[in-house]
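# Descriptive analysis of the structure
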Amino acid sequence: MKQDVAETGPDAVDARLGTRLAELRAERGWSLGELAERSGVSRSTLSRAERAEISPTASLLNRLCGVYGRTMSQLLSEVEAEPAQLVRAAEQQVWQDRASGFVRRSVSPPHAGLRGELVEGRLSAGADISYDRPPVPGLEQHIWVLEGALAVTAQDVEHHLATGDCLRLRVWGPTRFRCAGDEDVRYVLAVVLP
């Protein structure tokens, strides 16, 4: 079984993320135990993530986003400065799940009044990420492969995408993103809230 955390030192984004996770739990008046029951993540892992002792994985953040009713981009945007209309390449937030080989660039982060966002994803050869539920049920996703091969599983159906292919779907249950080739895969994920 894969771990839900990467054992590396905290960086500035992890520290702000930990603080925001603690704030979200406090806003709801939940104890670590209550959050653990709702998310299926151990109390110790939640505590360590809130104190930025660990860098949370994509899988862990997805579980917490589901509990808090946010997309991962929304959560990550809450620890960033207020987004501007023009997002320069050098200003796009990059987050890495070191444990799985997943790199996520927020090309067009969530913005007040907008329901869509753009994310560039990179999976290293052999990378395989599973999400047990969508952060928001019925989330619309458009996955466009720029380079490489990607296998996406949704509703128990595996879709094989090659360079240039685009998969469009609404996410209601578990999903899986897997680098399906010998080379890294790079793709664009367009997310639209229901």
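For the structure given in this document, a descriptive report is provided here.

Conventions adopted
- Residues numbered from 1 in each chain as written.
- Predicted model: local features only at pLDDT ≥ 70, side-chain atom pairs only at ≥ 80, totals over all residues.
- Heavy atoms only, no water.
- Helix = DSSP H or I, 4+ residues; strand = E, 2+ residues; numbered from the N terminus.
- Rg over C-alpha atoms; globule rule 2.2 N^0.38 Å.
- Contact = heavy atoms within 4.5 Å.
- Areas by Shrake-Rupley, 256 points an atom, 1.4 Å probe, with all protein chains shown as cover.
- Lys, Arg positive; Asp, Glu negative; His and termini not counted.
- Charge placed at Lys NZ, Arg CZ, Asp CG, Glu CD.
- Pairing = 2+ DSSP bridges.
- Axes fitted to C-alpha atoms, helices over the stretch in contact; angles between N-to-C directions.

In this section: the overall build of the protein. The helix and strand inventory of the protein stands at five helices and twelve strands. Here the protein has a C-alpha radius of gyration of 16 Å; the compact-globule value for 194 residues is 16 Å, and the two agree. Nonlocal contacts in the protein, meaning residues at least 24 apart in sequence, comprise 68% of its contacts between residues at least 6 apart. Surface exposure of the protein reaches about 9700 Å², of which carbon and sulfur atoms provide 49%. Averaging the coordinates of the 23 positive side-chain charges in the protein and doing the same for the 27 negative ones gives two points 3 Å apart.

Moving on, we get to the sheet that holds strand β3 (residues 94-97). Read across the open sheet, the six strands follow the order β3-β4-β5-β12-β7-β10; overall the sheet is antiparallel. Two strands close off the open sheet at either side, each with one partner strand: β3 and β10 (166-171). Between one strand axis and the next, the sheet turns through 25 degrees on average, direction left out of account. In terms of strand pairing, strand β5 (residues 116-123) meets strand β12 (residues 185-192) through eight bridges, oriented antiparallel. Paired with Glu120 across the bridge in β12 is Val188.

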